[in-house]
Amino acid sequence: PPPGNRWLRVGWLMLTDPQRSVDAYLNGHLNAIREAAQRIAGHVRRTPLVAGDLEGAPLLKPECFQVGGAFKARGAFNAVLVLARRRPLTGVLAASSGNHAQAVARAARAVGIRARIVVPEEAVPAKLEATRALGAEIVNQGVTFGNRDEVLRRLAEETGWPVVHSFDDWDVIHGQGTAALELLEDAPALDVVAAPVGGGGLISGTALAVKALRPRVRVVGVEPEVADDARRSLQEGRRVRLLATPPTIADGVRLLSIGERNFEVIVERGLVEQIVTVSESEIVAATLLAWQRLKLALEPTAALPLAAWVTGRLGRGRAALILSGGNFEPAVAARLLRDS
């Protein structure tokens, strides 16, 4: 291959043998996801796949039953275990609004190292307290959703500790892909798999697993209408960055853009066919539906695929929905139930 830019080399391979290039790419990532599944097996749960009591009977993968109450444990454990294997560690850093924070704190405690987490001041208090209870140090003074990456960069320079990125990290992406790996092992024939989209870690890992094992199954991401950077990125073929933190009840996806590696999977490799959006009222309705009818304690972010299914945005066919977690603020739950 010609020297120089990585994408020129990828393009050269695709021109000479497109299918071989695609197969090699997917098989490499699938092997990494399978290795991640073996690596984290003693630290996370295999969550069930259940038939939803809804019209069309979508299959539901409720990651609210996961260790720590969210899928984030998969990627965090994989990344921290890989880092600990490579070299001696004193600690790790991360930036998170809550679920990734808890997951990194739990993984760091499991391998006997420290964790320092950069968290926006407006993050859900219950998630902060849960993270502190796991032994992590919280850095949140003056931190916003917009500047937390810059704060994290400065801390990395000061400490020399590695960063466990919440989505733009291959080890994290491969860990998140283990949820889809389990889903495909448990599911009969499927037409579509849907997952929430924030930074893109879960949907990227899902797409890599699904397209490697069942290439004809559609992969669809779901995000709030007010946080549609991923949809626009897919539509425009460039990484779109929002101008301000989106005002959505789905706090797990209050991000400005998807990551570079996630953009590679979703857009450049074209492994996600579609990204659909749902309104705030539809997210609330789906959350209440999960609580009251499905008896699943989902946080609003996890209800995104359910909202897309109920409103018909996933199209026809047998669907599986990855419901990302169940860590919600009690005050928010009380307000939603009071207003319902």
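Look up: the structure comes first, before these words.
Not measured: the values here are computed from a predicted model.

Reading guide: rules and limits
Residues numbered from 1 in each chain as written. Predicted model: local features only at pLDDT ≥ 70, side-chain atom pairs only at ≥ 80, totals over all residues. Heavy atoms only, no water. Axes fitted to C-alpha atoms, helices over the stretch in contact; angles between N-to-C directions. Helix = DSSP H or I, 4+ residues; strand = E, 2+ residues; numbered from the N terminus. Parallel < 35°, antiparallel > 145°, perpendicular 65-115°, else oblique. Contact = heavy atoms within 4.5 Å. Buried < 20%, exposed > 50% of the residue type's maximum accessible area, 1.4 Å probe, protein only. Pairing = 2+ DSSP bridges.

J.: How should I be thinking about the packing of helix 4 (residues 99-111) against helix 5 (residues 125-133) in this particular structure?
T.: Two quantities define a packed helix pair, namely the angle between the axes and the distance from one axis to the other. As a packed pair, helix 4 and helix 5 sit with axes 9 Å apart at the nearest point and diverge in direction by 5°. In terms of their interaxial angle, helix 4 and helix 5 are classed as roughly parallel. Counting all contacts with helix 4, which are made through N99, A101, Q102, A105 and R109, the residues of helix 5 involved are K127, A130, T131 and A133.

J.: Could you clarify how one ought to interpret unusual backbone geometry in this entry?
T.: If a residue is not glycine, its phi is most likely negative; likewise, a peptide bond is most likely trans. Of note, A57 is a non-glycine position whose phi angle comes to about 45°, a positive value. Within the fold, A57 resides in the loop between strand 1 (50-51) and strand 2 (59-62). One non-glycine residue, K295, lies in positive phi territory at about 60°. Tracing the sequence through the fold places K295 in the loop between helix 11 (280-294) and helix 12 (304-310).

J.: How should I be thinking about the pairing of strand 2 in this particular structure?
T.: Where burial is concerned, the two faces of strand 2 agree: the one with L59 and K61 and the one with L60 and P62 are both buried. With two bridges connecting them, strand 1 and strand 2 associate as antiparallel partners. What sits directly across from V50, in strand 2, is L60. Pairing analysis gives four bridges linking strand 2 to strand 9 (residues 319-323), with the strands arranged parallel. Across the sheet, P62 pairs through a bridge with L323, a residue of strand 9.

J.: Would you mind showing me how to read the environment of V197 here?
T.: With respect to the helices and strands, the residue V197 is situated in the loop between strand 6 (192-196) and helix 8 (201-213). For V197, a relative accessible area of 2% gives the class buried. Through-space distance from the C-alpha of V197 to that of Q102 is 19 Å; in sequence the pair is 95 residues apart. With residues near it in sequence (within four places) discarded, V197 still touches I203, G221, V222, E223, A230, V253 and I258.

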